[in-house]
Amino acid sequence: MRICGVQGVSLIDFPGKVSSVLFLGGCNFRCPFCQNRSLVEGYKYLPSIGEDSVLASLRRRKGFIDGVVITGGEPLLDGVELLPFLGRVREMGLPVKLDTNGYNADLLVTILKNMAVDYVAMDVKSSLGKYERASGRPLNTGRIVTSIQAIMGSSIEYEFRTTCVPGLVESDDIEEIGRLIKGAKRYYLQQFRTGEPTLVPSYMEIAPYPKEKLEEFLDIARTYVKVAGIRGI
Ligand code: SF4
């Protein structure tokens, strides 16, 4: 486990819950717009916090929090080691939300089959045709489709979400994502934030979409999913 950071209390990361957030280092994607460089490329230089110490800090906060978010980087890089850790957190009576890019489909399927988390939030970076550009690496998009289908077929609560980066996500992409996740319970469009360094520096210069454009995307998304929303505006 590469737990590189802990945020003691968050009101926004786990729907309906006050949570602690655990940041795991490393990622198998290199999304050009990513603003988490230290966790993606520099995590080896960050101190790693021991599992026992993290669990002890969660135990101390139990009166204030009612959930734990495991985020990254990409938490599923930790492989099957992650499963016992998830179990230890849930044994404390704390529900777990997992944030993932969905590329480690095999492990995600195992986690879903074992009902090892209580909520999954998966990023859908763009339409499949643009996935390599949006994730910054060559990849097998079949693994993304497998993860989407596994999440939708499970009984665990979930959401899909897309950061709307101009050039990587346009109306046609929202249509295609809509078809991929047709019937999904929840789908959120996230505003692309500027002002922080991005993995590819030129992405810092990209102006975010105006609110009206995101609302246009929302109208498209709503035709495919049960609940759709916009975050970050
Ligand atoms: S935005 Fe992309 S590169 Fe950054 S942590 Fe998420 S999946 Fe990894």
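Look up a bit, the structure's there.
Right, let's walk through the structure included here. (Residues numbered from 1 in each chain as written. Predicted model: local features only at pLDDT ≥ 70, side-chain atom pairs only at ≥ 80, totals over all residues. Heavy atoms only, no water.)

## As for empty space enclosed by the protein
A water-sized probe, rolled over the atoms, reveals where empty space remains.
Here comes step 1: One pass over the full model with this rule turns up 1 cavity of 30 Å³ or more.
Here comes step 2: Within this model, the largest cavity holds a volume of roughly 40 Å³.
Here comes step 3: As for the largest cavity, its lining consists of Phe33, Asp123, Val124, Lys125, Arg161, Thr162 and Thr163.
Here comes step 4: Considering every element that reaches the lining of the largest cavity, the biggest residue donor is strand β6 (residues 157-164), with 3 residues.
Here comes step 5: Across the lining of the largest cavity, the residue classes tally to 2 nonpolar, 2 polar and 3 charged. (1 Å grid on protein atoms, 1.4 Å probe; cavity = no way out; pocket = protein on both sides within 12 Å on 5 of 7 lines; lining within 4 Å. Points joined across faces, edges and corners; volume = space filled by probe spheres on them. Helix = DSSP H or I, 4+ residues; strand = E, 2+ residues; numbered from the N terminus. Nonpolar A, V, L, I, M, F, W, Y, C, P; charged D, E, K, R; others polar.)

## Describing helix α6 (residues 141-153)
Here comes step 1: Helix length check: α6 (13 residues) gives 18 Å between terminal C-alpha atoms against 18 Å at 1.5 Å per residue, within 8%.
Here comes step 2: Those residues of α6 that are buried lie in contact with α4 (105-113), β5 (119-123), α5 (131-135), β6 and α7 (171-180).
Here comes step 3: For α6, the capping residue at the N-terminal end is Asn140, with a side-chain oxygen 2.8 Å from the backbone nitrogen of Gly142. (Expected span 1.5 Å × (residues − 1). Contact = heavy atoms within 4.5 Å. Polar contact = N/O pair within 3.5 Å; in protein donor to acceptor, adjacent residues only side chain to side chain.)

## Quick notes on α7
Here comes step 1: Three or more residues of α7 are buried, namely Ser171, Asp173, Ile174, Ile177 and Gly178. The buried residues of α7 occupy an angular sector of 155° when the element is viewed end-on, so they sit on one face. Residues of α7 that are exposed and point more than 90 degrees away from the buried face comprise Asp172 and Arg179. (Buried < 20%, exposed > 50% of the residue type's maximum accessible area, 1.4 Å probe, protein only. Arc of directions from axis to C-beta.)

## Points about the pairing of β5
Here comes step 1: For β5, the buried fraction is high: 5 of the 5 residues fall into the buried class.
Here comes step 2: Burial of the side chains of β5 extends over both faces: Tyr119, Ala121 and Asp123 are buried on one face and Val120 and Met122 on the other.
Here comes step 3: Two elements, strand β4 (residues 96-100) and β5, share 4 bridges in a ladder whose sense is parallel. Note on β5: the bridge partner recorded for Asp99 is Ala121.
Here comes step 4: Following the chain from β4 across α4 to the adjacent parallel β5, one finds a crossover that is right-handed. (Pairing = 2+ DSSP bridges. Right-handed = clockwise from strand over helix to strand, strands pointing away.)

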